[in-house]
Amino acid sequence: MGMEDLNGLRDNFKNEDRYEFEGVPVPRTTEILSKCIHDDRIVYWANSLGFKRKGYRKTLNEAAAYGTFAHSHIEHYLKNGDIPECLNWSFEAFLNWWGQVNAGNKVEVVGQEEKMSCPWFGGTYDMLMRVNGKLMLVDFKTSNHLSFKYCLQLAAYNFMLKYNKREAPSGFLVLQLSKESDEFNEMLLNMENPEHAKFMDFCEQTFLSLVRSFYYITQVEKMYKKIEGE
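Each value, and the rule that gives it
Numbering of residues starts from 1 in each chain and follows the order in which that chain's sequence is written. This being a predicted model, a pLDDT of at least 70 is required before a residue's local features are given, and a value of 80 or more before pairs of side-chain atoms are given or counted; all residues contribute to the totals for chains, interfaces and linings. Hydrogens and water are ignored here; the side-chain numbers use all heavy atoms of the structure. Salt bridges are counted wherever a side-chain nitrogen of Lys or Arg sits within 4 Å of a carboxyl oxygen of Asp or Glu. Secondary structure elements follow DSSP: runs of H or I no shorter than four residues count as helices, runs of E no shorter than two count as strands, and numbering proceeds from the N terminus. Throughout this description, buried means an accessible area under 20% of the type-specific maximum (1.4 Å probe, protein chains only), exposed means over 50%, and partly exposed covers the range between. The length a helix should cover is 1.5 Å for every residue beyond the first. Pairs of N or O atoms are called polar contacts if they sit within 3.5 Å, as long as, within protein, a hydrogen donor faces a hydrogen acceptor (for residues adjacent in sequence, only side-chain-to-side-chain pairs). DSSP calls a pair of strands paired once it identifies at least 2 bridges connecting them. The convention used is that axes are lines fitted to C-alpha atoms, helices contributing only their stretch in contact, and that angles between N-to-C directions extend from 0 to 180 degrees. In this analysis, two residues are considered to be in contact whenever any of their non-hydrogen atoms come within 4.5 Å of each other. Using only the protein atoms, space was sampled on a 1 Å grid; points where a 1.4 Å probe fits but cannot get out form cavities, open sets with protein on both sides within 12 Å along at least five of seven lines form pockets, and lining residues are those with an atom within 4 Å of a point. Grid points are joined across faces, edges and corners, and a volume is the space filled by probe spheres set on the points. Only Asp, Glu, Lys and Arg are considered charged in this grouping, and only Ala, Val, Leu, Ile, Met, Phe, Trp, Tyr, Cys and Pro are considered nonpolar; every other residue, Gly among them, is considered polar. What is meant by a nonpolar core is a set of buried Ala, Val, Leu, Ile, Met, Phe, Trp, Tyr and Cys residues, joined one to another through side-chain atoms within 4.5 Å. Here the aromatic set is Phe, Tyr and Trp, taking the six-membered ring for Trp, and pairing holds for ring centres within 6.5 Å; pairs whose planes are under 30 degrees apart are stacked, those over 60 apart are edge-to-face, and all others are tilted.

## Quick notes on the pattern of salt bridges
Turning to step 1, where the next piece is worked out: In this structure the tally under the stated criterion is seven salt bridges.
Turning to step 2, where the next piece is worked out: Between Glu221 and Lys35 there is a salt bridge whose closest N-O contact spans 2.8 Å. Here Lys35 lies in helix α1 (residues 29-36) and Glu221 lies in helix α6 (residues 194-228), a separation of 186 residues in the sequence.
Turning to step 3, where the next piece is worked out: For Glu221, a relative accessible area of 35% gives the class partly exposed.
Turning to step 4, where the next piece is worked out: The class of Lys35 is partly exposed, set by a relative accessible area of 36%.

Next comes the structure, spelled out in C-alpha cells:
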C-alpha cells in the first residue's frame, strides 16, 4: 500500500509525546490503534467500575503504571542479570517463562525497548531475541485478555524493521503475564507456517489502512475546528 500521499499531512503533529522520523514528528502505533479501533470491552469494564464506585481513569492509570513497572523490571533483569528487590506477579511470570525458554535452547537477546520510526508512525518494541538461530519479536502484556490488536502492533513494528532494512523476524510472540500468579500465556506466530504468515500480512495491511484513516481523521478534525471558529 502506497503511503507517500500522507506526507503532506504530517504537519498536523507536534513533538508532545510523539516519535520523530528525520526530525518530523509522527504518531505512536498505540495512538493510532486507540483512535481507530473501538473496543466494547473497555466500555463494559468502565461501566462495571462505575457500579463498584471505582474511578475509570484512576484504575486505567494504575493498570498502565503496573505494566510499566513490570516492563522496567524485565528490562533491568535482562540487561544486568540481577532480580530487583521489589517484585510483582507479572515479573515472576516472566521469570517462569524465561526459565522454560532457556531450558535446552540457545537464547540470545538481540534488542530491548528499542525506539523505531518510519515516515508515518513510530513505536518501541519490547524485545528481539534469537532462539536457536531464529529471530523472534516479543511483546509483553499484563492485560487480562489477549486481542488481535496486539498482532496489529507487532505488524507495525515489523513494518518499521523492514523499512529500516533490518532483519525480518521468523516469529512473533505476544506474552501475556498474569498479575495474580506466576502463570503466563503465549500467542506464538511462526512465519514458516503459511497460515500464520498470511495472517501477519493481513495484520500489516490492516494497520497501514488504520494509519491512513488516522491521518485523514486528524486532518478532518483540524479543518472542522477552523471552520467552527469562523
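## Quick look at unusual backbone geometry
Turning to step 1, where the next piece is worked out: Phi at Glu113 takes a positive value of approximately 45 degrees, unusual for a residue other than glycine.
Turning to step 2, where the next piece is worked out: Topologically, Glu113 is positioned in strand β3 (residues 107-117).

## Quick word on helix α5 (residues 148-163)
Turning to step 1, where the next piece is worked out: Counted at 1.5 Å a residue, the expected span for α5 with its 16 residues is 22 Å, and the 23 Å between its end C-alpha atoms agrees.
Turning to step 2, where the next piece is worked out: Of all the 16 residues making up α5, 13 are buried; the element is thus mostly covered by neighbouring parts of the structure.
Turning to step 3, where the next piece is worked out: For α5, the N-terminal cap is Ser147; the gap from its side-chain oxygen to the backbone nitrogen of Lys149 is 3.1 Å.
Turning to step 4, where the next piece is worked out: Two residues or fewer after α5 comes Lys165, characterised by a positive phi angle close to 60 degrees.

## Describing the sheet that holds strand β7 (residues 184-190)
Turning to step 1, where the next piece is worked out: Taken together, five strands build an open sheet; the order of strands is β3-β4-β5-β6-β7 and the sheet is mixed. Of all the strands in the sheet, the pair left with one neighbour each is β3 and β7. The mean angle between the axes of side-by-side strands here comes to 25 degrees, regardless of whether they run parallel or antiparallel.
Turning to step 2, where the next piece is worked out: Relative to strand β4 (residues 122-131), β3 runs antiparallel, the two being bridged by nine bridges. Note on β4: the bridge partner recorded for Glu114 is Tyr125.
Turning to step 3, where the next piece is worked out: Sitting on the sheet, α5 touches β3, β4, β5 (134-141), β6 (171-177) and β7, and the angle it makes with β5 is about 135 degrees.

## Some thoughts on the layout of surface pockets
Turning to step 1, where the next piece is worked out: Its volume calculated, the second largest pocket comes out at about 160 Å³.
Turning to step 2, where the next piece is worked out: Considering only residue class, the lining of the second largest pocket consists of one nonpolar, five polar and two charged.

## Some details on the nonpolar core
Across soluble globular proteins, nonpolar side chains have a tendency to be buried as a group.
Turning to step 1, where the next piece is worked out: Trp120, Phe121, Val211 and Tyr215 are the most contacted members of the largest nonpolar core, which totals 39 residues.
Turning to step 2, where the next piece is worked out: Top contributing element to this core by residue count: α5, with 10 residues.
Turning to step 3, where the next piece is worked out: In this view, Tyr215 contacts Leu6, Leu9, Arg10, Phe13, Val26, Pro27, Pro119 and Trp120; residues no more than four positions away in its chain are not counted.
Turning to step 4, where the next piece is worked out: Grouped together as the second largest cluster of nonpolar side chains are 18 residues, Phe91, Met127, Met129 and Val131 included.

## Examining the packing of aromatic side chains
Turning to step 1, where the next piece is worked out: What the rule picks out here adds up to 15 aromatic pairs.
Turning to step 2, where the next piece is worked out: A centroid spacing of 5.9 Å and a plane angle of 45 degrees characterise the contact between Trp97 and Trp98, whose relative ring orientation is tilted.
Turning to step 3, where the next piece is worked out: For Trp98, a relative accessible area of 12% gives the class buried.
Turning to step 4, where the next piece is worked out: Through pairs of rings, three or more aromatic residues link up here, namely Phe21, Trp120, Phe121, Phe159, Tyr163 and Phe207.

## What to know about the environment of Phe199
Turning to step 1, where the next piece is worked out: Its location among the elements puts Phe199 in helix α6.
Turning to step 2, where the next piece is worked out: On a C-alpha basis, the gap between Phe199 and Leu189 in space is 8.9 Å, while along the polypeptide they are 10 residues apart.
Turning to step 3, where the next piece is worked out: Beyond its immediate sequence surroundings of up to four residues, Phe199 is in contact with Cys151 and Leu189.

Function cannot be inferred from these measures alone, as they are strictly geometric.
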